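Residue-level listing of the chains:
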Amino acid sequence: MRSHYCGVLSTANIDETVTICGWVDRRRDHGGVIFLDMRDRDGIVQVVFDPDTEEHFERADRVRSEYVLKITGRVRARGEGTVNPAMATGEIEILGKELEILNTAATPPFQLDEHTAVGEEVRLRYRYMDLRRQEMQDKLIKRSKITSAIRNFLDSEGFLDIETPILTRATPEGARDYLVPSRTHPRQFFALPQSPQLFKQLLMVSGFDRYYQVAKCFRDEDLRADRQPEFTQIDIETSFLGEEEIMAITERMVRELFKSTLDVDLPEFPHMPYSEAMERYGSDKPDLRIDMELVSVDDLMQQVDFKVFRGPADDEAGRVAALKVPGGAKISRKEIDDYTKYVSIFGAKGLAWIKVNDLAAGVEGLQAPILKFMPDEVVMEMMERLGAADGDIIFFGADKANVVNEAIGALRIKVAEDLGLVREGWAPLWVVDFPMFEDDGNSGLTPLHHPFTAPSCSVEELEANPAGALSRAYDMVLNGCELGGGSVRIHEREMQQAVFRILEISDEEANEKFGFLLQALQYGAPPHGGLAFGLDRMVMLMTDSASIRDVIAFPKTQTAACVMTDAPGEVNAQQLRELNIRLRQKAEGEGA
């Protein structure tokens, strides 16, 4: 139907007769000459109709915004003074000769120009309209190019694209499963995969030593800006490679991806142990574009009588950390109160602070309600440790170490964003040497990643000190976001059973849930490991989007609903009977 896309026409096409198809982005009538801005996925081009083509001029006069048209005309240079440098096609226009209305359009629910601010729910309800906007077109085109570049790299490295099942059984992977009732197996359920974890390990046992998949995954969890109930990950697994080799391949993949799609040369990827990341940044995905760091002052606070600081300082599970904010003394008391409310989200009970007005004057040059509770020599030693200078403010966190890390780590990012202390550019790193387990809050242990991650010790050492064991896991972090994470897997049955024992998973439960994996490990499972990248999050970063909902064609809302299709929805009684399901009647006064 067409000879060219709208956005590809240029001065090289002058005097050519072309046919374009697309939507009317804008219509203007200038003294008997009609201008139509025609839009398709590649951009916009201006078409001019004058009264000389009477029949087609009359049609052009009838068209309105979002009509679908087919236009044939001659490309010509724009007249002097009418060139539009803001448009890729701004040096040319099409003199229209023929116009065919392929379809009319109702008045759009909102204006599609890029400057229009529309509520997200309206955008999602009319997503097919929202996706016509150039900004959204550009993002999904970029997503396609990113996916293609990743596929091309992995294909060239000998990885095989192999699909794994969507309907599988429930396995504990950290979030709730989406369950699918089976009609042919009454009272039994499939689960949608949270990841292809077990199947990709089984592919390694099968001898497919390099696997990848652009995999759909599902998690029934509370949503955030960078979470969706269904999401896409680049899933990679390989045999006979250790963690350093796996990190080297995937780092090279990401470097080539950024170069080919953004023309960006990423800097060095430093390797940072988990313990160091938590100590310095309060996060296992630190944003290295921010120079501020958390500094432990527990030893100094053990010398004070101020219980708010002394208690956590004396507690083995506690921490007192200081965060120096350069130039932060200008922060008002109201803003400090707002930051105090902010850290309370993460469990902090308060936010102590000291403003440095004149360090040369000693304690007299400092300003803070807490100074009266601390000896002068402790305060000044703390200023020296922190490298404090006039105009700084210092925030303090004192609580259990996990609360301090989470609260002050989050405060570090928020203050940096508020004060413009985040450098431009890209700051990648690898976080390594994760703990194998973490406290589950009930005097037990739970995997920090998943129960198939290999420890960096023997079975005997693991069982002797599980809380102190490190795993062979690694996360790639970019600008404070986890791009991907992975590990070397357990490939020996004895080690897998030891991990299950530590997690208090009985032999009966292990065989019920993972019997097929345990059985497979008996038949010559090779050493293997892998990594999974969150494609949605990666595209979000690479397109500078605020949310992954902006880089998914048809995303869900933060309540895991689709307002466009009204999903989820009710099903009829016959379908429920076929599935052997009876809905419980809602009690009077009970919420939805």
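1. Some words on the environment of Arg-76
Move 1: Tracing the backbone shows Arg-76 in strand β4 (residues 68–77).
Move 2: On the basis of relative accessible area, Arg-76 is assigned to the partly exposed category, the value being 26%.
Move 3: Note: C-alpha distance between Arg-76 and Leu-179 (103 residues apart in sequence) is 60 Å.
Move 4: The residues contacting Arg-76, other than those within four sequence positions of it, are Ile-14, Val-48, Glu-91, Ile-92, Glu-93 and Leu-95.

2. Comments concerning the packing of aromatic side chains
Move 1: Taken as a whole, this structure holds 11 aromatic pairs when the rule is applied.
Move 2: Seen in terms of ring centroids, Phe-309 and Phe-396 are 5.5 Å apart; in terms of plane orientation they differ by 45 degrees. Their pairing is tilted. One end of the pair, Phe-309, is in helix α9 (residues 307–314); the other, Phe-396, is in strand β16 (residues 393–400), and 87 residues separate them in sequence. Like Phe-396, Phe-309 is buried.

3. Describing the nonpolar core
Move 1: Counting residues in hydrophobic clusters, the biggest one holds 47 residues, and the most contacted among them are Met-301, Phe-309, Ile-354, Met-382 and Phe-395.
Move 2: For this core, the elements supplying multiple residues, two or more each, are α8 (298–301), α9, β13 (318–325), α10 (333–344), β14 (352–356), α11 (376–386), β16 and α12 (401–419).
Move 3: Apart from residues lying up to four places away in sequence, Met-301 is in contact with Phe-309, Arg-310, Ala-313, Val-320, Met-374, Val-378 and Met-382.
Move 4: Of all hydrophobic cores here, the second largest spans 37 residues; its members include Ile-150, Val-264, Val-432 and Cys-481.

4. Remarks on the sheet that holds β13
Move 1: Strands sit in the order β12-β13-β16-β14-β15 across an open sheet of 5 strands; the sheet is antiparallel. Both outer strands of the open sheet, β12 (294–296) and β15 (366–367), are each paired with one neighbouring strand and no more.
Move 2: Two elements, β13 and β16, share 8 bridges in a ladder whose sense is antiparallel. What sits directly across from Val-325, in β16, is Ile-393.

5. Things to note about α11
Move 1: Restricting attention to buried positions, one finds in α11 the residues Val-378, Val-379, Met-382, Met-383 and Leu-386. Each buried residue of α11 lies within a common arc of 140 degrees when the element is viewed along its axis, so the set occupies one face. Exposed residues on α11 whose side chains face more than 90 degrees from its buried face are Glu-377 and Glu-384.
Move 2: Next to the buried residues of α11 lie β12, α8, β13, β14, β15 and β16.
Move 3: Looking at the residues trailing α11, positive phi occurs at Gly-387, about 65 degrees.

Scoring rules and cut-offs
Within every chain, residues take consecutive numbers counted from 1 along the sequence as written. Only residues with pLDDT of at least 70 are given local features in this predicted model, and only at 80 or more are side-chain atom pairs given and counted; all residues enter the totals for whole chains, interfaces and linings. The side-chain values count all of the structure's non-hydrogen atoms but skip hydrogen atoms and water molecules. Numbering of helices and strands runs from the N terminus; a helix is a DSSP stretch of H or I covering at least four residues, while a strand is a stretch of E covering at least two. When accessible area is computed with a 1.4 Å probe and restricted to protein chains, residues below 20% of their type maximum are described as buried, those above 50% as exposed, and intermediate ones as partly exposed. In this description, contact between two residues means that some pair of their heavy atoms is separated by no more than 4.5 Å. Side-chain rings of Phe, Tyr and Trp, where Trp is taken by its six-membered ring, are said to pair if the distance between their centres is within 6.5 Å; with planes under 30 degrees apart they count as stacked, over 60 as edge-to-face, and otherwise as tilted. Here, nonpolar core refers to any group of buried Ala, Val, Leu, Ile, Met, Phe, Trp, Tyr and Cys residues whose side-chain atoms link them within 4.5 Å. At least two DSSP bridges between two strands are required for those strands to pair. Comment: arc refers to directions from the helix axis out to C-beta atoms.

In short, shape yes, function no, at least from these values alone.
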